Amino acid sequence: MPSLPDRRGNAQRPPTTDSWFASFGKPCTYDLESLVQIGTMGKAHGLKGDARCAPMTDFPERFLDTKSVHLHNGKPPIPTVEVESARFQGQKLILKLAGISRPEEVSKVCNYQVCVGSDELVELDDGEYYHFELEGLDVLAARGGYAPVPLVYLDSVEIDAQPPDYLKQKQVRRPVS
């Protein structure tokens with residue numbers, strides 16, 4: 001990238017998003033497979049570096065107690081960033097992350113995934129599971145036999161260990177005349 005002069009005429013390289021992002025936060029200690037998305041960063045909210053966040057969890061109140069998150073855009077580095085504050089304004093979640101103090105900095109992390117480690121998830125009740133715990137399991141198919149769960153696009157799913165009544169009896173459906 002060519003050098004550009006600053007106000008005094010000195011040659012200077014413009015800062016890039018990648019160099020800013022590499023120095024942003026602390027390095028993530030989790031491997032990529034251990035991260036679970038709980039939200040998506042949105043656009044700036046105000047002038048002090050607050051950002052809207054779209055929660056992707058059944059437990060949006062978890063953000064109020066979360067101390068740090070990992071921002072992920074599909075490629076390294078994945079920084080661990082402290083959550084300075086989290087609040088709800090109506091139905092919108094507003095996050096203030098450490099190291100972000102201007103709307104321009106929020107725009108650099110817009111659409112990034114907000115993740116936590118799988119050991120930081122909210123504990124579920126018996127019989128409730130997260131989607132990543134279900135993927136690849138064999139389940140009883142409605143027409144008999146077992147089939148693997150390919151992908152689940154929900155944050156949590158309840159599964160009843162007992163087969164439903166319609167699988168216990170053979171039902172005959174007749175057209176209504």
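As the structure is a prediction and not an experimental result, all values here were calculated from the model.

Rules used throughout
Residues numbered from 1 in each chain as written. Predicted model: local features only at pLDDT ≥ 70, side-chain atom pairs only at ≥ 80, totals over all residues. Heavy atoms only, no water. Helix = DSSP H or I, 4+ residues; strand = E, 2+ residues; numbered from the N terminus. Buried < 20%, exposed > 50% of the residue type's maximum accessible area, 1.4 Å probe, protein only. Contact = heavy atoms within 4.5 Å. Pairing = 2+ DSSP bridges.

## Brief notes about the overall build of the chain
Alright, step 1. Looking only at helices and strands, the chain has four helices and 13 strands in total.
Alright, step 2. Residue burial in the chain is summarised as follows: out of 177 residues, 29% are buried.
Alright, step 3. Residue pairs at least 24 apart in sequence account for 59% of intrachain contacts in the chain once pairs closer than 6 positions are excluded.

## A look at the environment of Gly49
Alright, step 1. Tracing the chain through its elements places Gly49 in the loop between β4 (35–44) and β5 (50–55).
Alright, step 2. Along the primary structure Gly49 and Glu104 are separated by 55 residues, whereas in three dimensions their C-alpha atoms are 8.2 Å apart.
Alright, step 3. The contact partners of Gly49, leaving out residues within four places of it in the chain, are Leu95, Lys96, Ile100, Ser101, Arg102 and Val106.

## Topic: unusual backbone geometry
Alright, step 1. In this structure, Asn111 takes a positive phi of about 75° despite not being glycine.
Alright, step 2. In this fold, Asn111 is placed in the loop between α2 (103–108) and β9 (113–117).

## With respect to the pairing of strand β6 (residues 68–72)
Remember that side chains alternate between the two faces of the sheet whenever the strand is regular.
Alright, step 1. Counting buried positions over the five residues of β6 gives four, a clear majority of the element.
Alright, step 2. Bridge count for β6 against strand β7 (residues 79–89) is three bridges, and the pairing is antiparallel. Along β7, the bridge assignment pairs Ser68 with Glu82.
Alright, step 3. Between β6 and β7, which follow one another and run antiparallel, lie six residues, and Gly74 among them has a positive phi close to 100°.
Alright, step 4. Sheet analysis places β6 next to β9, joined by three bridges and oriented antiparallel.

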